[in-house]
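# Architecture and fold: a report
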Amino acid sequence: MARMSADERRESVIRAAIVEFACGGYYGTSTEAIAKRVGVSQPYLFRLFPSKQAIFLAAAARCMERTREVFAQAADGLGGEDALHAMSAAYNKHIADDPQVVQMQLQMYVTVASAEAAGDLEFGELVRAGWLELWDAVMAPLGGDAGEATAFMAYGMLINTLTAMGFPPSHRVWEGFPSASPEC
């Protein structure tokens, strides 16, 4: 069996970190758990990343990047309401196919608040920068309409919250959505 390169291992660590941090959060996840999931030792993990914070930031950046790509691919060549519906459907598929995405996003926001309360601003800088890139990815196909982008992102955050709490698509809490459920 061929050995993985350091870059391939880094990718493995990022994927494993998303799963682990999504479940346990930054403060509740050990680097030992991440190393075990990848199948490497902790010392090797720290040869790939200088710290637990660096692992978390790489996982957060990947999560934001992937969501931005989902929006951009869905809206490619579309505009206005067509882009809005395409991005909505693509995001709903994305979180259904990869439920750790929602949990990781929520963990990122909690970690920013905790870290900044303790005086560490690096988490917030990265997460806010990634969120602004998401905002721009949504704004462009919506013709720069800030109201439409705000509504889209607000619905997305509500979808994240309801999904994270485990409300099934048939539950009445979804009735107020324009499409009546997260599956549409």
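Before reading on, note that the structure itself is shown above.
In short, a report on the structure. (Residues numbered from 1 in each chain as written. Predicted model: local features only at pLDDT ≥ 70, side-chain atom pairs only at ≥ 80, totals over all residues. Heavy atoms only, no water.)

### Structural notes on the side chain of threonine 29
Secondary-structure assignment places threonine 29 in the loop between helix H1 (6-28) and helix H2 (31-38). For threonine 29, a relative accessible area of 5% translates into the label buried. Within the structure, threonine 29 has its side chain in polar contact with the backbone oxygen of glutamate 20 (distance 3.1 Å). Of the polar contacts made by the side chain of threonine 29, one reaches the backbone oxygen of glycine 25; its length is 2.6 Å. (Helix = DSSP H or I, 4+ residues; strand = E, 2+ residues; numbered from the N terminus. Buried < 20%, exposed > 50% of the residue type's maximum accessible area, 1.4 Å probe, protein only. Polar contact = N/O pair within 3.5 Å; in protein donor to acceptor, adjacent residues only side chain to side chain.)

### Structural notes on the environment of histidine 171
Topologically, histidine 171 is positioned in the segment after helix H8 (146-164). In this structure the C-alpha to C-alpha distance between histidine 171 and arginine 9, which are 162 residues apart in sequence, comes to 41 Å.

### A look at the pattern of salt bridges
One pass over the structure, following the stated rule, counts seven salt bridges. Linking arginine 37 and glutamate 20 is a salt bridge whose minimum nitrogen-to-oxygen distance equals 2.6 Å. In this pair, arginine 37 is assigned in helix H2 and glutamate 20 in helix H1, connecting sequence segments 17 residues apart. Arginine 37 gets classed as partly exposed once you look at its relative accessible area, which sits at 48%. Among the ionic contacts, a cluster of salt bridges with common partners joins Glu11, Arg62 and Glu65. (Salt bridge = Lys/Arg side-chain N within 4 Å of Asp/Glu carboxyl O.)

All we've got here are geometric facts, nothing functional implied.
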